[in-house]
Amino acid sequence: MTLDSGQVVSYIDHGGSGPAVLLLHSYLMDADMFAPQMRSLGQSYRLIAMDERGHGETPADSPFTYWDVARDALGLLDHLGIARCAVLGTSQGGFIGLRMALLAPDRVAALVLLGTSGAAEDPQVADAYRQAAAAWRQLGPTQDLLDMNAAICLGRHDATEWQAKWRTLSGDHIDRVLTPLVERDGILDRASAIDCPALVLHGSADAAYPVDRAVELAAALPNAGPPVIIDGGAHFLSLTDAAAVEPHLLKFLSQSLPS
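Numbers given for residues are sequential positions, taken from 1 along each chain in its written order. Per-residue local features of the predicted model are confined to residues with pLDDT of at least 70, and side-chain atom pairs are confined, for both listing and counting, to 80 or more; whole-chain, interface and lining totals are unaffected and use all residues. Hydrogens and water are ignored here; the side-chain numbers use all heavy atoms of the structure.

This part takes up helix H8 (residues 211–220). Burial here depends on accessible area, computed with a 1.4 Å probe over protein chains only, as a share of the maximum for the residue type. Under 20% is buried, over 50% is exposed, and the range in between is partly exposed. Per the convention used, a helix needs a DSSP run of H or I reaching at least four residues, while a strand needs a run of E reaching at least two, with both numbered from the N terminus. What H8 keeps buried is the set Ala214, Leu217, Ala218 and Ala220. For H8, the arc enclosing every buried residue in end-on projection is 160°, short of the 170-degree limit, so these residues lie on one face. More than 90 degrees from the buried face of H8, the exposed residues found are Asp212 and Ala219. We call two residues in contact when some of their heavy atoms are within 4.5 Å. Packing partners of the buried residues in H8 comprise helix H3 (92–103), strand S5 (108–114) and strand S6 (198–203). The arc refers to the directions leading from the helix axis to the C-beta atoms.

Encoded structure:
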């Protein structure tokens, strides 16, 4: 569908009569990464999985920020006639969910944030990612680059399906979607304005963000308890450690959303 802004957004509305939950995926992923949640939550909730700009079937024809993608998500809710919903975001999806809650607090009933951060990207990490992107432009998606990305994002999880998708991406495309990640602004100083119930989950083996990022994010959100740390959990833990996060998702959503 095409938003009033002209941005095309691809999404999957899995339907159902339960409360709506918007699913926002991670960097270089797409709506398919939420297959485990379709199985665990699909009977009780209306799950809407959106492809974010430059990912899946949603194009990114010009530079953008995560604030722009948050507006895309709000536009999608308008299109679907959803006044208010929970937002579940993993990593990049969490960045976007936080910005949705700042832009339109009345639209976000609850936030689930997995493997995410409220801080700007660490400058040294950002430089390392830029160097990897430069290598992608020069050499293409070599197996070493694919394996590096899989190790950071998916840990020991089977990355075959995702590496096949990443192999199709050009260096220019990587630059386009990496820029919002490494240049994003921190929102911790504004997080006190996000007063909806929030659940922060983080893997102890997250190779992208240390557990400290989860601790500071949960502390900054007025209605979040201490972060839930999944032992051995990887960065994209909604996919890699779905069985471990499922009980926490079910309990939180049942408590936070009207039935």
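Okay, unusual backbone geometry next. Residues other than glycine predominantly adopt negative phi, and peptide bonds predominantly adopt the trans conformation. Non-glycine residue leucine 28 carries a positive phi angle of around 65°. Secondary-structure assignment places leucine 28 in the loop between strand S2 (20–24) and helix H1 (35–41). For serine 91, which is not glycine, the phi dihedral falls at a positive 55°. Within the secondary structure, serine 91 is located in the loop between strand S4 (85–90) and H3.

Further remarks concern the UniProt feature "domain: AB hydrolase-1" (unreviewed entry) in the protein chain. UniProt positions are given in the numbering used here, feature names are shortened, and annotations may be inferred rather than shown by experiment. The UniProt feature table records "domain: AB hydrolase-1" (unreviewed entry) at residues 19–241. Along residues 19–241 one finds 43% helix and 14% strand; the C-alpha atoms at either end are 24 Å apart.

A few words on helix H2 (residues 66–80). Multiply 1.5 Å by the residue count of a helix minus one, and that product is the helix's expected span. Counted at 1.5 Å a residue, the expected span for H2 with its 15 residues is 21 Å, and the 21 Å between its end C-alpha atoms agrees. For H2, the tally of buried residues reaches eleven of 15 residues, placing the bulk of the element in the interior. Here H2 has its buried residues at Tyr66, Trp67, Val69, Ala70, Asp72, Ala73, Leu74, Gly75, Leu76, Leu77 and Leu80. Looking at the buried residues of H2, the elements they touch are strand S1 (11–13), S2, strand S3 (46–50), S4, H3 and helix H7 (171–182). Where H2 ends, the next residue or the one after it, glycine 81, has phi of about 70°, a positive value.

Turning next to the pattern of salt bridges. Any carboxyl oxygen of Asp or Glu that lies within 4 Å of a side-chain nitrogen of Lys or Arg is treated as forming a salt bridge with it. All told, the structure shown has 13 salt bridges when counted by the stated rule. With a closest N to O distance of 3.1 Å, aspartate 185 and arginine 190 form a salt bridge. The partly exposed category is assigned to aspartate 185, whose relative accessible area is 29%. Take arginine 190: its relative accessible area is 33%, and that puts it in the partly exposed class. Note that glutamate 216 is salt-bridged to arginine 213, the shortest N-O span being 2.6 Å. Taken together, the residues glutamate 216 and arginine 213, both in helix H8 and three residues apart, mark about one turn of the helix. Within the structure, one salt-bridge network assembled from shared partners comprises Arg99, Asp185, Asp189 and Arg190.

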